[in-house]
Amino acid sequence: MFFFLSKTLDLAFDPLWWCLVLAGAGALVLWRTQRQRLGRGLVGAGLAVLLLASSGPVARWLTFWVEADAPRTFRPDVTYDAVIVLGGAVDFSGLAEGEPTTFGDSVERLLAAQKLLQDGHARLAIVSGGAAWKGGPSDGALSVAQLAAFGIAPERLVAETSAQNTHDNAVEVAKLVRARGLTRLLMVTSAFHMRRAKGCFDAEGVAVDTLPVDYRMREPGTGRWLFRSEHLEASSQAVRELFGRLVYRLRGYST
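Residues numbered from 1 in each chain as written. Predicted model: local features only at pLDDT ≥ 70, side-chain atom pairs only at ≥ 80, totals over all residues. Heavy atoms only, no water.

Novice: I'm lost on the sheet that holds strand E1 (residues 80-86) in this one. Help?
Specialist: Strand pairs in the sheet, formed through backbone hydrogen bonds, run parallel or antiparallel to each other. One open sheet holds the 5 strands; their spatial order is E3-E2-E1-E4-E5, and the pairing between them is parallel. Two strands in the sheet have a free side with no partner beyond their single neighbour: strand E3 (157-160) and strand E5 (209-213). Strand-to-strand twist in this sheet, taken as the mean axis angle between neighbours without regard to direction, amounts to 20°. Examined bridge by bridge, strand E2 (residues 122-128) and E3 share 4 bridges and lie parallel to one another. By the bridge assignment, Ala125 is partnered in E3 with Leu157. On the sheet, helix H7 (residues 166-180) packs against E1, E2, E3 and strand E4 (185-190) and is oriented at approximately 145° with respect to E2. (Pairing = 2+ DSSP bridges. Helix = DSSP H or I, 4+ residues; strand = E, 2+ residues; numbered from the N terminus. Axes fitted to C-alpha atoms, helices over the stretch in contact; angles between N-to-C directions. Contact = heavy atoms within 4.5 Å.)

Next comes the structure, spelled out in structure tokens:
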């Protein structure tokens, strides 16, 4: 139930939908009532949201904000029992039967795990992520297959294939590490996602060191006020993550 609600509410936290709702409400007011000032105000507010979220400076500041507090406690002098890699690297929209797996912006999660394993910083990798659709291939299995293709021995790879969100990642990985008696753990995920992910593992009582990767904005920088679709996507991702943190804390899924 929470998975369905989280995907539905995801729209409510998207600036593009704020724009559409405000502009749509304004158009309805202009069409059905005489309240012209209110109607124009709602349409204007919708357009303002769209322009702000699509601007470079706003997107950069929002992205920097959600990444700046990503905890990094990786200890290079420790050999970890396992590196836990949270799913999200696979681009399911590009999957085709018989074709190589395609990866998105978060592939750095896998590349970091590969290096940690090859450099001897971790004995195992646990990749957690379920399928995008019922009966489809799982993120965990596809990612583990890619690590094996990189040259990592299969016996050093574990796929967790049922998690559908960050809360599930923590719950399912907690079962695996306890069953295997693994205690020295390192978690790898994207910087924007690390704070919420760490909170989920803390809530499950699993102590992990953290290594954030896939930084999108190391320095906030204002840049030029250009309006682009990629800026809108970056703003939307940051806003959804901020609301996600709030929802997870209210649900008790994260500390």
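Novice: Before we go on, may I ask you to explain the pattern of salt bridges in this structure?
Specialist: Pairing is possible between side chains of opposite charge, provided their charged atoms come close. This model, assessed by the stated rule, comprises 13 salt bridges. Between Arg245 and Asp69 there is a salt bridge whose closest N-O contact spans 3.5 Å. In this pair, Arg245 sits in helix H9 (residues 229-251) while Asp69 sits in the loop between helix H4 (56-68) and E1, placing the two residues 176 residues apart along the sequence. Ionic pairing is found between Arg184 and Asp81, a salt bridge with its closest N-O pair at 3.7 Å. Placement of Arg184 in the loop between H7 and E4 and of Asp81 in strand E1 is noted, with a sequence separation of 103 residues between them. Since its relative accessible area comes to 37%, Arg184 is described here as partly exposed. Through salt bridges that share partners, Asp69, Arg195, Arg196, Glu241 and Arg245 make up one connected network. (Salt bridge = Lys/Arg side-chain N within 4 Å of Asp/Glu carboxyl O. Buried < 20%, exposed > 50% of the residue type's maximum accessible area, 1.4 Å probe, protein only.)

Novice: What am I meant to see in the environment of Ser106 here?
Specialist: Within the secondary structure layout, Ser106 lies in the loop between E1 and helix H5 (108-118). By relative accessible area, which is 8% here, Ser106 ends up buried. Between the C-alpha atoms of Ser106 and Phe243, which are 137 residues apart in sequence, the distance is 20 Å. The contact partners of Ser106, leaving out residues within four places of it in the chain, are Gly88, Ala89, Ser190, Asp214 and Arg216.

Novice: How do you make sense of the pairing of E4 when you look at a structure like this?
Specialist: Two faces, one strand: in a regular strand the side chains alternate between the faces of the sheet. With respect to burial, E4 is a largely interior element, 6 of its 6 residues being buried. In this sheet, E4 lies alongside E1 in parallel orientation, the contact comprising 4 bridges. Looking at the pairing, Val83 lines up with Leu186 of E4. Bridge count between E4 and E5: 5 bridges; the pairing is parallel.

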